[in-house]
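# Structure at a glance
Listed here are the chains, written in short residue letters.
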Amino acid sequence: MNYNDSRMTPPPYYGGQEVVTQTNAVMRRVYVRMFIGLLISAFCALGVASSETAMRFFFGNQLVFWGMLIAMLAMAFILPARLTKMSSGAVLGCFIAYSALMGCWLAPIFIAYRLGTIVYTLFITAGTFGAMSVYGYFTKSDLSKMGSYLMMALFGLIIAMIVNIFAKSSTLNWIVSIVGVLIFVGLTAWDTQQVKRLAAANLEPSLADKLATMGAMNLYLDFINLFLFLLRIFGGSRD
């Protein structure tokens, strides 16, 4: 979500019981929807991984494989841009569809890694994510500048990952994984603070509901990426 969009610039957070109640109500929806998205992804990943036919369909067919990737990228860019023009139901539906596609995309991890390793890494991810989200929610520090640096670092990380596709350097892979963890640890705190600030604004109910869905999607992506980078660090392959 583009928090720098002038139409979505958050006001100062002044406090007050009414504002606190409103903020907490939106944040509850954010975390509930994020959790639902993660559950959808988990069930889809397990379902695809347990079916040889499904694995062949999603990963043996180039048209389906690239179509799935393009659809996820399109939703990630279109949703923030069209947020004010879409209905709350449409935004939520897109997030659910995105979560399902992401789950299908993640199915190969159940083949590449042992189930125990995945579960172990999932618990580490949940603990790390929870701690940083709590920090982002309660800290009085303004994390906006940190967020800008993290986004620049993220672009650099993506470039390094693309380079390593061709270089195939185990050292670079290890560095990318560690840096990826650090970036998404920071982004978790930053996204939480930004969602909280927007939730404190006096928004109409429909816009607040769409904000909750977009906030859930941002934190969902932070969780997924943090999990994948941690899995690359702690997860030994089945071999």
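Quick summary incoming for the structure in this document.

Definitions and limits used
- Residues numbered from 1 in each chain as written.
- Predicted model: local features only at pLDDT ≥ 70, side-chain atom pairs only at ≥ 80, totals over all residues.
- Heavy atoms only, no water.
- Helix = DSSP H or I, 4+ residues; strand = E, 2+ residues; numbered from the N terminus.
- Buried < 20%, exposed > 50% of the residue type's maximum accessible area, 1.4 Å probe, protein only.
- Contact = heavy atoms within 4.5 Å.
- Areas by Shrake-Rupley, 256 points an atom, 1.4 Å probe, with all protein chains shown as cover.
- Lys, Arg positive; Asp, Glu negative; His and termini not counted.
- Charge placed at Lys NZ, Arg CZ, Asp CG, Glu CD.
- Polar contact = N/O pair within 3.5 Å; in protein donor to acceptor, adjacent residues only side chain to side chain.
- Core = buried A, V, L, I, M, F, W, Y, C linked by side-chain atoms within 4.5 Å.
- Expected span 1.5 Å × (residues − 1).
- Arc of directions from axis to C-beta.
- Phe/Tyr/Trp six-rings, centres within 6.5 Å; stacked < 30°, edge-to-face > 60°.
- Lys NZ or Arg CZ within 6 Å of the ring centre and 35° of its normal.

## Topic: the overall build of the protein
When its secondary structure is counted, the protein shows 9 helices and 0 strands. Counting from the amino terminus, helix and strand elements in the protein follow one another as α-α-α-α-α-α-α-α-α. Counting only C-alpha atoms and orienting by the principal axes, one finds that the protein spans roughly 55 × 35 × 30 Å. For the protein, the residues scored as buried account for 41% of the 239 residues in total. In the protein, of all internal contacts separated by at least 6 residues, the share reaching a separation of at least 24 is 86%. In the structure as shown, the protein presents an accessible area of about 12,700 Å², 70% of it carried by carbon and sulfur atoms. Of the charged side chains in the protein, 16 are positive and 9 negative, and the gap between their average positions amounts to 2 Å.

## Comments concerning the environment of Ser170
Examined against the element boundaries, Ser170 turns out to sit in helix 8 (residues 170-199). Residue Ser170 is classed as exposed on the basis of its relative accessible area, which comes to 61%. A C-alpha to C-alpha distance of 24 Å links Ser170 and Leu150, two positions 20 residues apart in sequence.

## Overview of unusual backbone geometry
In the Ramachandran plot, Lys168 falls in the positive-phi region, its phi being about 55 degrees despite a non-glycine side chain. Along the chain, Lys168 falls in the loop between helix 7 (144-167) and helix 8.

## Overview of the side chain of Thr188
Along the chain, Thr188 falls in helix 8. In terms of polar contacts, Thr188 uses its side chain to reach the backbone carbonyl oxygen of Phe184, at 2.7 Å. In this structure Thr188 touches Phe129, Met132, Ser133, Leu219 and Asp222, once residues within four positions along its chain are discounted.

## Quick notes on the nonpolar core
Residues Met34 and Tyr220 are the most contacted members of the largest nonpolar core, which totals 45 residues. With 13 residues, the single largest contributor to this core is helix 9 (residues 205-234). Excluding residues within four positions of it along the chain, Met34 makes contact with Phe95, Phe129, Ala216, Leu219, Tyr220 and Phe223. Grouped together as the second largest cluster of nonpolar side chains are 8 residues, Phe58, Val64, Met68 and Ala107 included.

## Points about the environment of Trp66
Tracing the backbone shows Trp66 in helix 3 (residues 62-81). For the pair formed by Trp66 and Phe43, sequence separation is 23 residues and the distance between their alpha carbons is 21 Å.

## A few points about helix 3
For helix 3, with 20 residues, the first-to-last C-alpha span of 29 Å sits near the 28 Å given by 1.5 Å per residue. Contacts from the buried residues of helix 3 go to helix 2 (52-59), helix 4 (88-106) and helix 9. Near the N-terminus of helix 3, the side chain that reaches the backbone nitrogen of Leu63, with its oxygen 2.9 Å away, is that of Asn61.

## Looking at helix 2
Within helix 2, the full set of buried residues consists of Ala54, Met55 and Phe58. Taken around the axis of helix 2, the buried residues stretch over an arc of 100 degrees, which confines them to a single face. Of the residues in helix 2, the exposed ones pointing more than 90 degrees away from the buried face are Glu52 and Thr53. Elements in contact with the buried residues of helix 2: helix 1 (17-49), helix 3, helix 4 and helix 5 (109-112).

## A closer look at the packing of aromatic side chains
According to the stated counting rule, one finds 10 aromatic pairs in the structure shown. Taking the centre distance of 6.4 Å and the plane angle of 75 degrees together, the rings of Tyr98 and Tyr220 count as edge-to-face. Of this pair, Tyr98 sits in helix 4 while Tyr220 sits in helix 9, and the two are 122 residues apart along the sequence. Overall, the relative accessible area of 5% leaves Tyr98 in the buried class. Feature note: the residues Phe59, Phe65, Trp66 and Trp105 constitute an aromatic cluster, connected by ring pairs. Above the face of the Tyr137 ring, Lys196 is positioned so that its terminal group lies 4.4 Å from the ring centre.

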